[in-house]
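Each chain is listed here by its residues.
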Amino acid sequence: MSDKKKLYLIDAYALIFRAYYAFIRAPRINSKGMNTSAVFGFTNALVDVLKNHEPTHIAVAFDPPGGSFRVEDYAEYKANRDETPEDIKRAVPYIKAIVEGFNIPVFEVAGFEADDVIGTLAHKAAADNFEVYMVTPDKDFAQLVTDKVKIHRPAKNGGSVEIWGVDEVKEKFEVEDPLQVIDILGMWGDAVDNIPGIPGVGEKTAKKFIAQYKSIEGLLEHANELKGKMKEKVIENAEQALLSKQLATIRLDVPVTFEPQSLEVEEPNKEKLQEIFTELEFRTLSERLLGEKIPVTGGRGTQMDLFAQPAENSGEPPAASTQNEGYELLDTAEKRARLVKKLLSSEAFCFDTETTDIDAHEAELVGVAFSTKAGTGHYVPIPDNPKAAKRILEDFTEVFTHPNITKIAHNLKYDLTVLKWYGVEIEGPVFDTMLAHYLLEPDMRHGMDMLAETYLNYRPTSIETLIGKKGKNQKSMRDVPVELVKDYAAEDADITFRLYKLFAPQLEETGTWKLFNNIEMPLVKVLGAMEAAGVAIDISQLKVYSQELTRDIVQFEKRIKELAGTDFNIASPKQLGEILFDHLKLVDKPKKTKTGQYATSEPVLETLRGTHEIIDQILEYRQVVKLKNTYVDTLPELVNPRTGRIHTTFHQAVAATGRLSSQGPNLQNIPVRTERGRKVRQAFVARDKEHVLLAADYSQIELRVIASLSGDKAMIEAFRNDEDIHAATAAKVFGVPLNEVTREQRSNAKTVNFGIIYGVSAFGLSQQSSLSRTEAAEVIESYFKTYPGIKKYMDNRIEFAREHGYVETIMGRRRYLRDINSKNPVVRGQAERNAINTPIQGSAADIIKKAMIDIYREFREENFKSKMVLQVHDELVFDAQRDELNIIKPIIIQKMQEAVKLDVELKVDMGTGNNWLEAH
């Protein structure tokens, strides 16, 4: 460790809020229903400082309750701040306990903010020859930077830590001295803290004034030199400007004593930290930091008790066995025969395959483990000789096809697919613990290891202990000694059986058993069959198209550089930002990223469409590059050498709404609104000349669902009259006859129709349409007058969620909304949008799942050679034998239209072709 004295001062609430909002879309929820995002993020930032930056001294500062002296100076200070989210309020006591567990002193001084405490301590420490780092993402601290005091900005989104010294502050704020940051903040104001500043003065103008006049006082002295409205604003708001500077100034005279000895870094209190980490279920963090595995003390963690204080758990399942006495190796025919007899006499058994690859279509079977009760496991090794492997698996045919015995697995579809390659079919009742948990806790993760730790107080053996970490040196499971594989595989089967015993009754208790048994479980086999069938692609067409896109990219690059008037790297966000905003000066106040460079993301550039031809060219260029790299050049690499087709993997347990997703390739994101994007579909073809592709697509299913759920008479009537719903909406909203609706009016109405489902605001609608914000607000108001039932539905769903803590689909799929009663409008607003959208989007997802199951069953019963091969949103694609077309078309339409009974008829559009584009 360096001889330097290094003091780190941590701005607690700045890190807490940042951590909380970093996880806002996918919060970390433990088994007791507590949102641990803020605690987890703060703790990781603290650990990073301690482990990687070697402080000799450290302290944490919190804002005190009751506000600071600034409220006395200016009553409106921070008055417009949103209510602190309840999850943060619950997190703070845990964070303080963790800080104390690290034996780090906490400063919280009545009447002063943490900024002032840190400023005072930093000032005193620097005078005592300390090297001081203020740990915060807050830009206000830049005013405190000196040659001995720096800002340590924690890493974000996988980036690295930023250190702001004097030079960095001078560059970022364009000042001669960091103290001038106070003047910039005073002029500019701060919407978050409600510091008024000077009206009309933003960041760019403030920097210009500082460069010219050095300070706010200097600006006021020369106010008469200004021109026009700016002169009036500066003179009229002189007093406000000085007050703003006062409010923005961090105090250096807080009554705190700087005692270096009390701030020295000490060894943590491991016992105290382990106790806290155990309660929060921070297992990986505990093992990494403390070197110890921890149990979980929480209850079952079902969603039923999320809105009440967790009760004491009296029925917690026993921890999984850490002994292997109950795990046996069955490597002879006699031993396998005994196991088959045991399995046939059981009501349910768990099985788990061990393979050489995570891709089920590439994997070779190494062994199969079974369990019929907690604490036991039986492992059957499978040889690499295909014929010998099939002979062993034939012993289990009666077991796997028994009509009354429940077969249990975790991620069942993977096991089904692997076994299918060996000629083994699974029949009769099945139970997937991953999908069971997905219905019980749709917003949590569903991996078996996580579930074992959360619900069984046990951490399973990591596969990396057997085959090593990912990389070129990772071994195959085939290379691992059979005794080790036996213990590993049997443990997985044992744990999965225990999870089955836990989750099965919870599905009944939450009213989701019917959905699980009638939709999710039958769908596993459907998706497995679709994945196994795969879909053919025309590689030669893609190669030709790739060359075409390459030529387009070259032309776009040439034109963009011509418009820029200089050569630059278009793929560099930094260089692109400088061209657009420094060189071309497209806007006066361009947005910047957290790192200080100009923001050039797609949403930012979309707002600039029409300002300059270069913007349209850049957006087109990016789309072409993405299309080429993501699909056109990648799809040929995904062709399976065994089959010559692409086998995407469908995921059931990802989207909380119930929608399916896909991977390898991700078919959900193939662009279809542009001509270039649609040409990618042209590469998906029928398997041979005897087949064609058939595409069947639900027409406006989400709007039909919302019409039915809301019972809105006007919308139901429009659908029953088979009107163009977007034109009908435009006619009513804009007050024109149906036959006089313009293309633009229909387009705007379409945006509203779909946007309402997602809680679109006037601002959002104006961004997505040709309407101004005022016009958008008027259109939304008119929309709700036209369809009052929809507004009533939206209000009812929010009220239902507030009362029950969840919403559900037509078929009973639940989504739990923990933040629906939050006092923070941002957090609450997200939950309210989910309360409106989930029943609609989720019901649409359930409907197409039901249709897929019904079509699959009919195809099997009739022994059709045609196969369902793809599902993308509301569309199904079939590799259809030409001779069967006239038979299967009405079957597909019937099953899709009759999947569920709504107040409006479900409509299906259908087409056929040699490729997907033609069929669609």
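Above this text sits the structure in question.
Residues numbered from 1 in each chain as written. Predicted model: local features only at pLDDT ≥ 70, side-chain atom pairs only at ≥ 80, totals over all residues. Heavy atoms only, no water.

Undergrad: Hey, could you run me through empty space enclosed by the protein in this one?
TA: Any empty space left between the atoms is revealed when a probe the size of a water molecule rolls over them. This structure, assessed with the given rule, holds four cavities of 30 Å³ or more. Computed from the structure, the largest cavity encloses a volume of approximately 120 Å³. Residue lining of the largest cavity: Leu416, Thr417, Lys420, Val424, Glu425, Ile426, Val524, Lys525, Gly528, Ala529 and Tyr856, and that is the complete set. Those elements that provide at least two residues to the lining of the largest cavity are helix 17 (412–421) and helix 22 (513–533). Classifying every residue of the lining of the largest cavity by side-chain character gives six nonpolar, two polar and three charged. (1 Å grid on protein atoms, 1.4 Å probe; cavity = no way out; pocket = protein on both sides within 12 Å on 5 of 7 lines; lining within 4 Å. Points joined across faces, edges and corners; volume = space filled by probe spheres on them. Helix = DSSP H or I, 4+ residues; strand = E, 2+ residues; numbered from the N terminus. Nonpolar A, V, L, I, M, F, W, Y, C, P; charged D, E, K, R; others polar.)

Undergrad: Sorry, what's going on with the sheet that holds strand 1 (residues 6–11) here?
TA: The strand order across the open sheet formed by six strands is 3-2-1-4-5-6, and the pairing between neighbours is mixed. Looking at which strands have only one partner, the edges of the open sheet turn out to be strand 3 (106–107) and strand 6 (162–164). Relative to strand 6, strand 5 (residues 149–153) runs antiparallel, the two sharing three bridges. Among the inter-strand pairings, His152 is bridged to a residue of strand 6, identified as Ile163. Across the sheet, helix 1 (residues 12–22) is in contact with strand 1, strand 2 (57–61) and strand 4 (131–135); its angle to strand 1 comes to roughly 55°. Lying on the sheet, helix 2 (residues 37–52) is in contact with strand 1, strand 2, strand 4 and strand 5; it crosses strand 2 at an angle near 160°. (Pairing = 2+ DSSP bridges. Contact = heavy atoms within 4.5 Å. Axes fitted to C-alpha atoms, helices over the stretch in contact; angles between N-to-C directions.)

Undergrad: What should I look at first to understand unusual backbone geometry in this one?
TA: As a rule of thumb, non-glycine residues mostly have phi less than zero, and peptide bonds are mostly trans rather than cis. Gly664 connects to Pro665 through a cis peptide bond whose omega is 5°. Take Pro665: it is sitting in the loop between strand 15 (661–663) and helix 27 (675–681). You will see that Asn411, though not glycine, has its phi angle at about 65°, which is positive. If you trace the backbone, Asn411 turns up in the loop between strand 11 (406–409) and helix 17.

Undergrad: Mind showing me how you'd approach the packing of helix 18 (residues 433–440) against helix 22 here?
TA: Look at helix 18 against helix 22: their axes get within 11 Å of each other, and the N-to-C directions meet at 135°. With respect to helix 22, the element helix 18 is oriented oblique. Handedness of the helix 18/helix 22 crossing: right-handed. Facing Leu435, Ala436, Tyr438 and Leu439 of helix 18, the residues of helix 22 in contact are Leu515, Phe516, Glu520, Met521 and Val524. Of the residues contributing to the contact of helix 18 with helix 22, the split by class is eight nonpolar, no polar and one charged. (Parallel < 35°, antiparallel > 145°, perpendicular 65-115°, else oblique. Left-handed = near helix turned anticlockwise from the far one by under 90°.)

Undergrad: Please clarify how the packing of helix 1 against helix 2 should be interpreted in this entry.
TA: A packed helix pair is summarised by two numbers, namely the angle formed by the two axes and the spacing between the axes. Contact geometry of helix 1 with helix 2 gives a least axis separation of 7 Å together with a crossing angle of 125°. Regarding the angle of helix 1 to helix 2, the classification is oblique. Where helix 1 crosses over helix 2, the handedness of that crossing is right-handed. Listed contacts from helix 2 to Ala12, Leu15, Ile16, Ala19 and Tyr20 of helix 1 are Ser37, Ala38, Gly41, Phe42 and Ala45. Broken down by class, the residue content of the contact of helix 1 with helix 2 amounts to eight nonpolar, two polar and no charged.

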